[in-house]
Amino acid sequence: MLKQRVLTALAIGPTSLILLFVLGGGWFATFVGLLVAASAWEWSNLSGGESLKDRALFTVTLIALMALGWSSGAALQTWPLWIALAGWLLCLYWVISYPDNTDQWRSRGMRYAMGLWALLPCWVGLLLLRESPIWLLYVLFLVWGADIAAYFAGRAYGNRKLAPRVSPGKSWAGVYGALGGTAVLALLMALFQGMGIGQTLVLVIISAIVTGASVLGDLNESMLKRYRGIKDSGNLLPGHGGVLDRIDSLTAAIPIFALLAPWIG
């Protein structure tokens, strides 16, 4: 399994990064849209849609909304990001209170709606950040760096669990490790960009908020999988589970960062 995971990561990781920064315009929107569509296929399963018809319907609906957003120009506006912020705050409440308030979101329709505010604004956020490739690269490394730092800090000091009813493997030490790692990354980015003290402080604060959002994205998917009684969202990526399992943190981090990035200056 480890060998399979490494080979899959080596095949997908560099290729995805190259495509993210080589493609532009409609080609970029299409490439990112394909990743979102694959995630929508898997989200349908998390929502209780097990049949091929249910999965296809939700996926086609999301593709149609992306096409409409691109043609109307809504894909390059910020209002979908505000919807994402409101939706993720609601998810934060549900994750914290799980399983006490499952009646508020356990209906299939509500879980589909959750998928819409998680996936569509993520696509919009990626399109907006593509206009400033350095910041797109930064938020990707921010999320990946937070994940790596959380893993090692959690293994070393993870006695106090973060959300044991949602994801028993997550710990507060992992969160602190993620915040420490991303603070270092933010300082390095500020140094690279020649930022002043004020800008640097804003970048560190925004990076901390986005790190928290990435943790929430992971926990939210874990909550849905636990409710459904499944281990992975899908099996499209050998050794890694589904596409959604790889981008769950990004679904929350990307739109939040795209919304806050203008404050950096």
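Given the structure is predicted, the values throughout are model-derived calculations rather than measurements.

What counts, and where the lines are drawn
Residues numbered from 1 in each chain as written. Predicted model: local features only at pLDDT ≥ 70, side-chain atom pairs only at ≥ 80, totals over all residues. Heavy atoms only, no water. Disulfide = S-S within 2.5 Å. Buried < 20%, exposed > 50% of the residue type's maximum accessible area, 1.4 Å probe, protein only. Phe/Tyr/Trp six-rings, centres within 6.5 Å; stacked < 30°, edge-to-face > 60°. Helix = DSSP H or I, 4+ residues; strand = E, 2+ residues; numbered from the N terminus. Expected span 1.5 Å × (residues − 1). Axes fitted to C-alpha atoms, helices over the stretch in contact; angles between N-to-C directions. Parallel < 35°, antiparallel > 145°, perpendicular 65-115°, else oblique. Left-handed = near helix turned anticlockwise from the far one by under 90°. Contact = heavy atoms within 4.5 Å. Nonpolar A, V, L, I, M, F, W, Y, C, P; charged D, E, K, R; others polar. pLDDT = per-residue confidence, 0-100. Salt bridge = Lys/Arg side-chain N within 4 Å of Asp/Glu carboxyl O.

This next bit is on the state of the cysteines. Using the criterion set out here, one finds 0 disulfides in the structure. Left unpaired, C91 is separated from the closest cysteine sulfur, that of C122, by 13 Å. By relative accessible area, C91 is classed as buried at 0%. Under the relative-accessibility criterion, C122 is labelled buried at 6%.

What follows deals with the packing of aromatic side chains. One pass over the structure, following the stated rule, counts 10 aromatic pairs. Chaining the aromatic ring pairs together yields one cluster made of Y98, W105 and Y227.

The first and last C-alpha atoms of helix 2 (residues 25-46) sit 31 Å apart over 22 residues, in line with the 32 Å expected at 1.5 Å per residue. Where helix 2 ends, the next residue or the one after it, G48, has phi of about 100°, a positive value.

Here we come to the packing of helix 4 (residues 79-97) against helix 5 (residues 108-129). Viewed as axis vectors pointing N to C, helix 4 and helix 5 meet at an angle of 135°, and their least axial separation amounts to 9 Å. By the angle between their directions, the pair helix 4 and helix 5 is classed as oblique. Relative to helix 5, helix 4 is oriented so that their crossing is left-handed. Within the contact between the two elements, helix 4 uses P80, L81, I83, A84, G87, W88, L90, C91 and W94 and helix 5 uses M110, M114, W117, A118, P121, V124, G125 and L128. In the contact of helix 4 with helix 5, the residues fall into 15 nonpolar, 2 polar and no charged.

The subject of this paragraph is unusual backbone geometry. Negative phi is the rule for most residues except glycine; trans is the rule for most peptide bonds. Residue P99 is reached from Y98 by a cis peptide bond, and omega for that bond is 5°. Relative to the helices and strands, P99 resides in the loop between helix 4 and helix 5.

A word on helix 3 (residues 52-72). A rise of 1.5 Å per residue sets the reference length of helix 3, with its 21 residues, at 30 Å; its end C-alpha atoms lie 30 Å apart and thus fit the reference within 8%. At its buried positions, helix 3 is contacted by helix 2 and helix 5.

Per-residue confidence for the protein chain averages 90 on the pLDDT scale, and 91% of its residues sit at or above 70. Of all secondary-structure elements in the protein chain, the lowest mean pLDDT belongs to helix 1 (residues 2-22), at 60, while helix 4 reaches the highest, 97.

Pairs may arise between side chains of opposite charge once their charged atoms sit close together. Overall, the coordinates contain 4 salt bridges when judged by the stated rule. Of the charged contacts in the structure, one is a salt bridge between D54 and R108, with a shortest N-O distance of 3.4 Å. Here the residue D54 occupies a position in helix 3, and R108 occupies one in helix 5, the gap between them amounting to 54 residues. Residue K225 is joined to D245 by a salt bridge in which the shortest nitrogen-to-oxygen separation is 3.1 Å. Linking K225 in helix 8 (residues 197-228) with D245 in helix 9 (residues 243-260), this pair joins segments that are 20 residues apart in sequence. You can call K225 buried: its relative accessible area is 12%. When its relative accessible area of 8% is taken as the criterion, D245 is described as buried.

Next up on the list: the environment of A113. Structurally, the position occupied by A113 is in helix 5. In this structure the C-alpha to C-alpha distance between A113 and G87, which are 26 residues apart in sequence, comes to 9.4 Å.

Taken N-terminus to C-terminus, the directions of helix 7 (residues 172-193) and helix 8 make an angle of 145°; their axes are 9 Å apart at the nearest point. Two packed elements cross with a definite hand, and for helix 7 against helix 8 that hand is right-handed. Of the residues in helix 8, those touching helix 7 at A178, L179, T182, A186, L187, M189 and A190 are T200, L203, V204, S207, A208 and T211.

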